[in-house]
Amino acid sequence: MRMAPKVKQPFAKSFQELEEIAAWFERNDVDLEEGLKKFERGMQLASDLRDRLKVAEVKIEQIRKRFDMAAE
Amino acid sequence: MRALTVSEFLKGTNDVLASVPALVEGELSGFSLRQERWAFFSLKDEDSVVECFMPAWKLRHEVADGMLVRVAGVPQVYAKSGRFRIVVEAMEPVGEGSLKQAFELLKQKLEREGLFAPGRKRALPRFPETIGLIASRESAAYTDFVRILKDRWGSTSVLHVEVPVQGDQAVAAIVRAFRWFAVQHGISDLRFQIPNVLVLIRGGGSLEDLQAFNSEEVARAIFASPIPVVVGVGHERDVSIADLVADVRASTPSNAAERVVPDRRDVVHEVQAALEHVTMRFGMHIQARRGTIDRFLLRGGAFAQQRRVWTEARCVAMQSRITALHQQCVTRLETATRTMRNLNPTRLLARGYSMTLVRGALVRSASVVRAGDALETQFSDGEVTSIAT
């Protein structure tokens, strides 16, 4: 099965959404059609999170301002 | 020569005195603050005493009678009273004892004001997108922090602000750095990544080295920061004032990296667990639904029988599709975890591989090694230096 294209939201949001889907399935009455939609979304999120977790690069940007001098 | 008036005489005397450098060390005594604006005190040694005067706003340190202090200022005779005094520009405690005492006084003062109150400390975001780092790039603290950060987590960026962490420029530089981040935080400019957390770190040092981290100005800058602050001072048993004001105190700069981002390996497991949980629950729901349909349709006749077979087939198809999807995901997560583990350089070293460096650079080919070169070989548990022949 093809995985959906990259999810364009911050890591924290995707993770939270996955937790919310997990919580949703705790309910006693679950509509199967909606459940399938949520399930697929959960797969997509998990796949995207997994990809992002594989990234080993931390970008470090040096701020050019000199903070040890009076002029800002 | 005509005689001078008293005022002329004193003015002339003060002109001469202004050229006398006054950098004096002595014991502080009789300290008093008048109307919150003027500080009066004396400086003494075993044999002598001199009066001092100082505007209160120039006081940068907490002081108390008995403390050894150093003052810089201008000697003068105060014309209105005819008394000799030093008009002090700057005063600081000197010696371990005085520094400790000043530290205790400041700590008590800030605690009374509520700067250390646990209730005001803010929680850190679990997955910060941007980290603001206030540190000196030359220090081991910086290298340790960045190394641990990269090992633990990958989806974050760091905005590094270079500051001296000791010396007389340190306090002003650190305060300006905090102020700059606060200003950026106030501007909701989408082009600029506003940090979700700030980290202030430095290595260990003497009480004098740590002065900036025990200063009132830095403490207030941390307290006023709209962004939560993590402070990590290396390998110190004693807690600094910056540590006490921080939202989170890390025990070392490396620990600061551990507090600020999660370990990706833990998060992979959490994601996997969430997925498995969802799959199991969904499967349960389908099972439950099948049971209900079964019981309902059994009451019907042949038509109902046909319906039942059709519904059951659909449920089975859905079930196997879900199982297949789940298996795919589990496999991918397992592969990802294995790959990550194997990429870890420490694991590679433990498996018998070693890294060789020549002139500080990693050697990938024998052709770059010349006879007589010093080779530094890193194993998992240490280094060996050898000379190439």
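Conventions adopted
- Residues numbered from 1 in each chain as written.
- Chains lettered and ligands numbered in written order.
- Predicted model: local features only at pLDDT ≥ 70, side-chain atom pairs only at ≥ 80, totals over all residues.
- Heavy atoms only, no water.
- Helix = DSSP H or I, 4+ residues; strand = E, 2+ residues; numbered from the N terminus.
- Buried < 20%, exposed > 50% of the residue type's maximum accessible area, 1.4 Å probe, protein only.
- Areas by Shrake-Rupley, 256 points an atom, 1.4 Å probe, with all protein chains shown as cover.
- Pairing = 2+ DSSP bridges.
- Right-handed = clockwise from strand over helix to strand, strands pointing away.
- Phe/Tyr/Trp six-rings, centres within 6.5 Å; stacked < 30°, edge-to-face > 60°.
- Lys NZ or Arg CZ within 6 Å of the ring centre and 35° of its normal.
- Core = buried A, V, L, I, M, F, W, Y, C linked by side-chain atoms within 4.5 Å.
- Contact = heavy atoms within 4.5 Å.
- pLDDT = per-residue confidence, 0-100.
- Buried area = accessible area lost by both parts, 1.4 Å probe.
- Salt bridge = Lys/Arg side-chain N within 4 Å of Asp/Glu carboxyl O.
- Polar contact = N/O pair within 3.5 Å; in protein donor to acceptor, adjacent residues only side chain to side chain.
- Nonpolar A, V, L, I, M, F, W, Y, C, P; charged D, E, K, R; others polar.

Overview of the overall build of chain B
So, step 1. Broken down by element type, chain B carries 10 helices and 14 strands.
So, step 2. Looking at chain B as a whole, 41% of its 389 residues qualify as buried.
So, step 3. When the accessible surface of chain B is summed, it comes to about 21600 Å², and 54% of that surface belongs to carbon and sulfur atoms.

Considerations on the pairing of strand E9 (residues 229–233) of chain B
Working note: regular strand, side chains alternate between the two faces of the sheet.
Residue and element names in this part refer to chain B.
So, step 1. Where burial is concerned, most of E9 is hidden: five out of the five residues are buried.
So, step 2. Of the two faces of E9, the one lined by Val 229, Val 231 and Val 233 and the one lined by Val 230 and Gly 232 are each fully buried.
So, step 3. Two strands pair when backbone bridges link them, and strand E8 (residues 197–202) and E9 are joined in this way by five bridges, in the parallel orientation. Bridge pairing links Leu 200 to Val 231 in E9.
So, step 4. Regarding the hand of the β-α-β motif, the stretch spanning E8, helix H5 (residues 216–224) and E9 is right-handed.

Some points on the packing of aromatic side chains
So, step 1. In total, this model carries 12 aromatic pairs over all chains according to the counting rule given.
So, step 2. Each ring, one from Phe 127 of chain B and one from Trp 153 of chain B, has its centre 5.6 Å from the other, and the planes form 15 degrees; the classification is stacked. Here Phe 127 of chain B is found in the loop between helix H2 (95–113) and strand E6 (130–135), whereas its partner Trp 153 of chain B is found in the loop between helix H3 (140–152) and strand E7 (157–162), with 26 residues between them in sequence. Comparing Phe 127 of chain B with Trp 153 of chain B, the two get one shared label, buried.
So, step 3. Each member of the aromatic cluster is reached from another via a ring pair, and the members are Phe 11 and Phe 15 of chain A together with Phe 127 and Trp 153 of chain B.
So, step 4. The positively charged end of Arg 34 of chain B is found above the aromatic ring belonging to Phe 40 of chain B, 4.2 Å away from the centroid.

Describing the sheet that holds strand E12 (residues 361–362) of chain B
All names here are of chain B.
So, step 1. Strand order in the open sheet formed by four strands is E12-E11-E13-E14, with antiparallel pairing between adjacent strands. A strand with exactly one partner marks an edge of an open sheet, and here the two such strands are E12 and strand E14 (382–387).
So, step 2. With six bridges connecting them, strand E13 (residues 374–379) and E14 associate as antiparallel partners. Looking at E14, one finds that Leu 375 is bridged to Ser 386.

Observations concerning the nonpolar core
The nonpolar side chains of a soluble globular protein tend to be buried, and buried together.
Residue and element names in this part refer to chain B.
So, step 1. Within the largest apolar cluster, 52 residues are counted, with the highest numbers of intra-cluster contacts made by Ile 131, Phe 145, Leu 149 and Val 199.
So, step 2. Once residues within four sequence positions are removed from consideration, Ile 131 is found in contact with Phe 145, Leu 149, Thr 156, Ser 157, Val 158, Leu 159, Pro 195, Val 197, Val 199, Val 260 and Val 261.
So, step 3. Counting 37 residues, the second-largest nonpolar core is a separate cluster that includes Phe 103, Val 165, Val 171 and Val 245.

Section: the confidence of the model for chain B
So, step 1. On average, chain B scores 88 in pLDDT, and the residues at 70 or more come to 92%.
So, step 2. Per the prediction output, this complex has pTM 0.69; the corresponding ipTM is 0.79.

Looking at the interface of chain A and chain B
So, step 1. With 44 residues of chain A at the contact, the number on the chain B side is 53 residues.
So, step 2. For the chain A and chain B pair, buried surface summed over both sides reaches about 4500 Å², with 68% attributable to carbon and sulfur atoms.
So, step 3. Our enumeration of links across chain A and chain B arrives at zero salt bridges.
So, step 4. Summed over the shared surface of chain A and chain B, the result is 10 residue pairs in polar contact (both at pLDDT 80 or more).
So, step 5. Only helix H1 (11–24), helix H2 (32–54) and strand E1 (59–62) of chain A provide two or more residues apiece to the side of chain A that touches chain B.
So, step 6. Its residues assigned to classes, the side of chain A that touches chain B comprises 26 nonpolar, four polar and 14 charged.
So, step 7. Bridge count for E1 of chain A against E7 of chain B is four bridges, and the pairing is parallel. Within E7 of chain B, the position partnered with Gln 62 of chain A by the bridge is His 160 of chain B.

With respect to H5 of chain B
So, step 1. Regarding H5 of chain B, the residues found buried are Glu 216, Val 218, Ala 219, Ala 221 and Ile 222 of chain B.
So, step 2. If you follow the buried residues of H5 of chain B, they end up packed against H2, helix H4 (170–186), E8, E9 and helix H6 (241–245) of chain B.

Some remarks on the environment of Asp 45 of chain B
Residue and element names in this part refer to chain B.
So, step 1. Structurally, the position occupied by Asp 45 is in the loop between strand E2 (38–44) and strand E3 (49–55).
So, step 2. Sequence-wise, Asp 45 and Leu 28 are 17 residues apart; in three dimensions their C-alpha atoms are separated by 9.3 Å.
So, step 3. Polar contacts involving the side chain of Asp 45 include one to the main-chain amide nitrogen of Asp 47, which spans 3.0 Å.
So, step 4. Only 2.8 Å separates the side chain of Asp 45 from the backbone nitrogen of Ser 48, close enough to count as a polar contact.

Re helix H7 (residues 253–260) of chain B
So, step 1. Of all eight residues in H7 of chain B, six are buried; the element is thus mostly enclosed.
So, step 2. Those residues of H7 of chain B that are buried lie in contact with E6, H3, E8, E9 and strand E10 (248–250) of chain B.

Describing the environment of Glu 89 of chain B
All names here are of chain B.
So, step 1. In this fold, Glu 89 is placed in strand E5 (residues 83–93).
So, step 2. Owing to a relative accessible area of 43%, Glu 89 belongs among the partly exposed residues under this scheme.
So, step 3. Measuring from C-alpha to C-alpha, the distance between Glu 89 and Ala 72 comes to 5.7 Å, with 17 residues separating the pair along the chain.
So, step 4. Ignoring anything within four residues of it in the chain, the contact list for Glu 89 reads Met 54, Lys 58, Ala 72 and Gly 73.
So, step 5. Side chain to side chain, Glu 89 and Lys 58 meet in a polar contact 3.0 Å long.

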